[in-house]
Amino acid sequence: MTRLSSAFATPALVAFITAGDGDTAANLDALVQGGADVIELGMPFTDPMADGPAIQEANLRSLGKGTTTADVFQIAKDFRARHPDTPLVLMGYANPMIRRGPEWFAQSCEAAGVDGVICVDIPPEEDDDLGPALRAKGIAPIRLATPTTDAKRLPQVLEGSSGFLYYVSVAGITGMQQAAQASIEDAVAKLKAATDLPVAVGFGVRTPEQAAEIAKVADGVVVGSALVALVKEHGENAAEHLQSLTKSLADAVLNAR
């Protein structure tokens, strides 16, 4: 079993923060100590089109400090040394991932101990831009499904995907709204009928109560903006606040069933 597959043996909490925003090493440690099962590390980018204000601002704070792709990989490598068993997924956009070539990026992921990659703006139809290079290094290309992913297109989304399927529960940007629970339940049921991959639900999940409801039907719950907002609020001293919120989310997810 891989680190990712092991993480979804029970409903998993997937926790996101942006690399280079605040004390990233301390923040990552706090997420693990709080009980996050999978870590998503955002790669800062100037035009994060799928993200709402909280993560957009985190990207700008990180880039304003001069965070580079090399810094992101060093953060990942150091994380892997401290946490050998916790899955780490990089999430970001195509430009930083492929500008030096997909093979370079995949090799860097492997060297840093990264388990999976979510590239928001490379659709399945353009898988050749990055997918083969990742798979060759044993890195999971994690795909996104949305409320507009119909039965005709879903097989293409699933083909070549691994790790888990990320269901974006709203047709919009991160952190701004949450889908109705009934629509999430319907969507998760359809996705699980089409794939054996774990299905994790994100976008708009901010509270333990919301996380628990989703964890009753999904294999994982993704929380990002609520955590990133704590980094904005507390700056270099965010770690204890992140650990506290993560623990309440993780407990809710674990006890949901």
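One can find the structure itself at the top, above this paragraph.
In this report, we go over the structure that sits alongside the text.

About the cut-offs
- Residues numbered from 1 in each chain as written.
- Predicted model: local features only at pLDDT ≥ 70, side-chain atom pairs only at ≥ 80, totals over all residues.
- Heavy atoms only, no water.
- Pairing = 2+ DSSP bridges.
- Helix = DSSP H or I, 4+ residues; strand = E, 2+ residues; numbered from the N terminus.
- Contact = heavy atoms within 4.5 Å.
- Axes fitted to C-alpha atoms, helices over the stretch in contact; angles between N-to-C directions.
- Phe/Tyr/Trp six-rings, centres within 6.5 Å; stacked < 30°, edge-to-face > 60°.
- Lys NZ or Arg CZ within 6 Å of the ring centre and 35° of its normal.
- Buried < 20%, exposed > 50% of the residue type's maximum accessible area, 1.4 Å probe, protein only.
- Parallel < 35°, antiparallel > 145°, perpendicular 65-115°, else oblique.
- Left-handed = near helix turned anticlockwise from the far one by under 90°.
- Nonpolar A, V, L, I, M, F, W, Y, C, P; charged D, E, K, R; others polar.

### Examining the sheet that holds strand S6 (residues 144-145)
Sheets are built from strands that pair by backbone hydrogen bonding, the pairs being arranged parallel or antiparallel.
Next up, step 1: Spatial ordering of the open sheet is given by S5-S4-S3-S2-S1-S9-S8-S7-S6, a layout of nine strands whose pairing is parallel. A strand with exactly one partner marks an edge of an open sheet, and here the two such strands are strand S5 (140-141) and S6.
Next up, step 2: Where helix H11 (residues 225-234) meets the sheet, its contacts fall on strand S1 (12-18) and strand S9 (220-223), and the angle it forms with S1 comes to roughly 40 degrees.

### Comments concerning the packing of aromatic side chains
Next up, step 1: A complete count under the given rule lists five aromatic pairs for this structure.
Next up, step 2: The interplanar angle of 80 degrees and the centroid separation of 5.9 Å between the aromatic rings of Phe73 and Trp104 together place this pair among those described as edge-to-face. Here Phe73 is found in helix H4 (residues 69-82), whereas its partner Trp104 is found in helix H6 (residues 102-112), with 31 residues between them in sequence.
Next up, step 3: Taken together, the aromatic side chains of Phe73, Trp104 and Phe105 make up a single cluster linked through ring pairs.
Next up, step 4: In this structure, Arg100 packs its charged tip against the face of Trp104, placed 4.8 Å from the ring centre.

### A short note on H11
Next up, step 1: Here H11 has its buried residues at Ser225, Ala226, Leu227, Val228, Leu230 and Val231.
Next up, step 2: Tucked inside the fold, the buried residues of H11 contact S1, helix H2 (24-34), helix H3 (53-64), S9 and helix H12 (239-255).
Next up, step 3: Gly235 lies just past H11 and shows a positive phi near 55 degrees.

### Section: the packing of helix H10 (residues 208-215) against H12
Next up, step 1: As a packed pair, H10 and H12 sit with axes 8 Å apart at the nearest point and diverge in direction by 25 degrees. By the angle between their directions, the pair H10 and H12 is classed as roughly parallel. Here H10 and H12 pass one another in a crossing that is right-handed. Where H10 abuts H12, its residues Pro208, Ala211, Ala212 and Ala215 lie against Ser248, Leu249, Ala252 and Val253.
Next up, step 2: Its residues assigned to classes, the contact of H10 with H12 shows seven nonpolar, one polar and no charged.

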